[in-house]
There are 2 protein chains.
Amino acid sequence: MTSNINCNTCIIKSSAAKELNSEQLSALGKNCVQIFFKKGDVIFKEGTFSVNITYLREGVVKLHTEGKSSQILKITKGPGYLGIPTTFEEKINHYSATALEDCNICFIHTNIFKSFIEENKKFAYEIIVELCNSELELFQKCVSRTKNNIYGRLSHALLFFSEKIYKTDNFNLPLSREELGNFINTTRESVSRVLAELDSKKIIQIKGRQLKILKPEALKELSDV
Amino acid sequence: MTSNINCNTCIIKSSAAKELNSEQLSALGKNCVQIFFKKGDVIFKEGTFSVNITYLREGVVKLHTEGKSSQILKITKGPGYLGIPTTFEEKINHYSATALEDCNICFIHTNIFKSFIEENKKFAYEIIVELCNSELELFQKCVSRTKNNIYGRLSHALLFFSEKIYKTDNFNLPLSREELGNFINTTRESVSRVLAELDSKKIIQIKGRQLKILKPEALKELSDV
DNA sequence: ATTAAAAAATGATACATATCACACAATATG
DNA sequence: CATATTGTGTGATATGTATCATTTTTTAAT
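Residues numbered from 1 in each chain as written. Chains lettered and ligands numbered in written order. Predicted model: local features only at pLDDT ≥ 70, side-chain atom pairs only at ≥ 80, totals over all residues. Heavy atoms only, no water.

Some points on the protein's contact with DNA strand C
Thinking step 1. Contacts to DNA strand C come from 15 residues, most closely from Thr186(A), Ser190(A), Arg193(A), Arg177(B) and Ser192(B).
Thinking step 2. Within 4 Å of the protein, atoms of DNA strand C come from sugar and phosphate in 59% of cases.
Thinking step 3. In the environment of DNA strand C, a base nitrogen lies 3.1 Å from a nitrogen or oxygen atom belonging to the side chain of Arg193(B).
Thinking step 4. Of all the elements in the fold, those that place two or more residues in the surface near DNA strand C are helix H7 (188-200) of chain A together with helix H7 (188-200) of chain B.
Thinking step 5. In terms of residue count, the dominant contributor to the surface near DNA strand C is H7(B) (five residues).
Thinking step 6. When the residues that make up the surface near DNA strand C are grouped by side-chain class, the tally is two nonpolar, seven polar and six charged. (Near = heavy atom within 4 Å. Polar contact = N/O pair within 3.5 Å; in protein donor to acceptor, adjacent residues only side chain to side chain. Helix = DSSP H or I, 4+ residues; strand = E, 2+ residues; numbered from the N terminus. Nonpolar A, V, L, I, M, F, W, Y, C, P; charged D, E, K, R; others polar.)

Right, dumping it as structure tokens:
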């Protein structure tokens, strides 16, 4: 399902788009379509040519590499941009994006995005802020991925879903055991085992993908070394 | 050793600074000092308050976390910016920087840097390009750090030094065994062992820090899975 | 030079985690 | 509904790498 949109009246603008004047917003609306993706849908694929900046209005998306040793690089909840780095200068997507929950995504022509950067200082400024934050986040992730053991990494991931994505301690995991493994760099078997152990210790309660976090403090302790 | 500089005549400007007009370059010169760092000197330290954007004119720098499980996040050769993400919005350095070779570094007031972004679209544009590239690089690193084994990661690191930093296959390693371990996420013992084995297989020749790469193809093969 | 201190090499062992194998459950497909 | 397909749990085993212990080499200090 795709629909044209009116960016002037949009209430989930990015910090950058908030800096655009009404004329620019109209131009944006003409160079932008909103597309709905169902949970599980592929949004864009590693290796393909990219001509749009994608703005995740609402929903949850994973950015990941393909292949047998597929790796989940980032899971992000809207609103926010997906993969500016990939689209901006180079034109090939360096990773894939898949919807983990139903999503509404705006596809913005790279050209108009670039023209805003060149026309509007404040817009550019906000994009820079966004990129800086996202790079710092990546550094964090890079560090935590390698200095925690599986218990720590999995605990961290569960807290991430609970606190950052679903904002509740009782939710359905958006990933299979195998995908969880790809997210925290381990195998599906190890994920199963650790989940089972956390369950038996009454730190969590897990049944299939249904997760209830009983002792968030215990997870917190496991996850920070 | 610190000296004022004339940015108008500087010949190792960043792509961004190339977009500045002569008036802006004069302003830059007044808000900027160049400082020389000897090999081993600390440039800035994790946790400290940062008020400058740092531009590495020449030399080699490592960005790293502190503490017993210190981790080297990135090794970079000038010219190029160091740690814009840290300095830009937030004001606390998220990691430390140390010179691996003698360096000349410009310390630029964050304020003038920001004002250029707001005054000069092309400057902002180039900074965005820079940030995008650096984020993509980080993604790469994140992936390769976790899907290669120690042989692969070390081979990759050796090729990195040879190809990207020193541009020769015969050079002195800028890192101790322990630091190499921090760079590729392993222990000093494992680094020793793998270096010894690569040496015994005549893929490299290592004596102390003196490294000669005999079979770069063999390293290449080991490093890409 | 002589000694002290730090860095590196190397062997033995321990341990976390991957891999393999299979049973079982859940979900899709005709 | 039966059957295939995919996902999951769990035990047994293998393996890479960390850790510990000791020796050797290199570097720095007196």
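Still to come is the rest of the account.
Describing the relation of the copies chain A and chain B
Thinking step 1. With an RMSD of 0.1 Å, chain A superimposes on chain B once it is rotated by 180° and translated 0.0 Å along the axis. When the rotation and shift are considered jointly, the pair of chain copies conforms to a two-fold rotation axis.
Thinking step 2. The share of interface residues of chain A whose copies in chain B are also at the interface is 97%, consistent with both copies meeting through the same surface. (Least-squares fit on C-alpha atoms with pLDDT ≥ 70 in both. Contact = heavy atoms within 4.5 Å.)

A look at the domain arrangement of chain A
Residues and elements named next belong to chain A.
Thinking step 1. For chain A, the assigned domains are domain 1 (2-142) and domain 2 (148-223).
Thinking step 2. Relative placement of domain 1 and domain 2: their C-alpha centres are 28 Å apart.
Thinking step 3. Listed by partner, the interface residues are ten residues for domain 1 and twelve residues for domain 2.
Thinking step 4. Overall, the association of domain 1 and domain 2 removes approximately 1,000 Å² of surface from exposure, summing both partners, and the carbon and sulfur fraction of that is 57%.
Thinking step 5. For the domain 1 face of the interface with domain 2, the top three residues by lost area are Ile72, Ile75 and Lys77, together amounting to 46%.
Thinking step 6. The interface formed by domain 1 and domain 2 contains one salt bridge.
Thinking step 7. Joining domain 1 to domain 2, the criterion identifies four residue pairs in polar contact (both at pLDDT 80 or more). (Domains from an automatic or database assignment. Buried area = accessible area lost by both parts, 1.4 Å probe. Salt bridge = Lys/Arg side-chain N within 4 Å of Asp/Glu carboxyl O.)

Concerning the protein's contact with DNA strand D
Thinking step 1. Of all residues adjacent to DNA strand D, which total 17 residues, the nearest are Arg177(A), Ser192(A), Thr186(B), Ser190(B) and Arg193(B).
Thinking step 2. Take the atoms of DNA strand D that sit within 4 Å of the protein: sugar and phosphate atoms are 56% of them.
Thinking step 3. Within the side chain of Arg177(A), an N or O atom sits 3.0 Å from a phosphate oxygen of DNA strand D.
Thinking step 4. Note that a phosphate oxygen of DNA strand D is positioned 2.6 Å from one of the side-chain N or O atoms of Ser192(A).
Thinking step 5. Here the element with the most residues in the surface near DNA strand D is H7(A); it accounts for five residues.
Thinking step 6. Residues belonging to the surface near DNA strand D are distributed by class as follows: two nonpolar, seven polar and eight charged.

Details of the sheet that holds strand E6 (residues 72-77) of chain A
Residue and element names in this part refer to chain A.
Thinking step 1. Within the open sheet, the four strands sit side by side as E3-E8-E5-E6. Their pairing is antiparallel. Pairing within the sheet leaves two strands with one partner each, and these edge strands are strand E3 (42-44) and E6. Averaged over all adjacent pairs, the angle separating strand axes in this sheet is 25°, with direction ignored.
Thinking step 2. In this sheet, strand E8 (residues 96-99) lies alongside strand E5 (residues 60-64) in antiparallel orientation, the contact comprising four bridges. Residue Val61 lies in a different strand from E8, and its bridge partner there is Ala99. (Pairing = 2+ DSSP bridges. Axes fitted to C-alpha atoms, helices over the stretch in contact; angles between N-to-C directions.)

Digging into the side chain of Ser162(B)
Residues and elements named next belong to chain B.
Thinking step 1. For Ser162, the location among the structural elements is in helix H5 (residues 150-166).
Thinking step 2. Classification of Ser162 by relative accessible area gives buried; the value is 9%.
Thinking step 3. Side-chain polar atoms of Ser162 contact the backbone oxygen of Thr168, separated by 3.0 Å.
Thinking step 4. Contact partners of Ser162, with chain neighbours within four places excluded, come to Lys167, Thr168, Asp169, Phe171 and Ile213. (Buried < 20%, exposed > 50% of the residue type's maximum accessible area, 1.4 Å probe, protein only.)

Here we look at the packing of helix H5 (residues 150-166) of chain A against helix H6 (residues 177-184) of chain A
All names here are of chain A.
Thinking step 1. Relative to each other, H5 and H6 sit at 105°, their axes nearing to 10 Å. It follows that H5 is roughly perpendicular to H6 by the angle criterion. Between H5, through Ile150, Arg153, Leu154, Ala157, Phe160 and Phe161, and H6, the contact on the second element is made entirely by Leu180, Phe183 and Ile184.
Thinking step 2. Class assignment of the residues belonging to the contact of H5 with H6 gives a composition of eight nonpolar, no polar and one charged. (Parallel < 35°, antiparallel > 145°, perpendicular 65-115°, else oblique.)

Digging into the interface of chain A and chain B
Thinking step 1. Contact with chain A, which involves 36 residues of that partner, is made by 35 residues of chain B.
Thinking step 2. Here chain A and chain B share an interface that buries about 3,800 Å² over both sides, 72% of which is from carbon and sulfur atoms.
Thinking step 3. At the junction of chain A with chain B, the criterion picks out eight residue pairs in polar contact (both at pLDDT 80 or more).
Thinking step 4. At the level of secondary structure, the elements contributing two or more residues to the side of chain A that touches chain B comprise helix H2 (84-88), helix H3 (110-119) and helix H4 (121-147) of chain A.
Thinking step 5. With 19 residues, the top contributor of residues to the side of chain A that touches chain B is H4(A).
Thinking step 6. Residues belonging to the side of chain A that touches chain B are distributed by class as follows: 18 nonpolar, nine polar and nine charged.

Notes on the pattern of salt bridges
For side chains bearing opposite charge, pairing can occur when the charged atoms are close.
Thinking step 1. One pass over the structure, following the stated rule, counts 13 salt bridges over all chains.
Thinking step 2. Residue Glu197(A) is joined to Lys201(A) by a salt bridge in which the shortest nitrogen-to-oxygen separation is 3.2 Å.
Thinking step 3. Judged by its relative accessible area of 29%, Glu197(A) is partly exposed.
Thinking step 4. On the basis of relative accessible area, Lys201(A) is assigned to the partly exposed category, the value being 46%.
Thinking step 5. The salt bridge involving Glu101(B) is made with Lys39(B); its shortest N-O contact spans 3.8 Å. Linking Glu101(B) in the loop between strand E8 (96-99) and strand E9 (103-109) with Lys39(B) in the loop between strand E2 (32-37) and strand E3 (42-44), this pair joins segments that are 62 residues apart in sequence.

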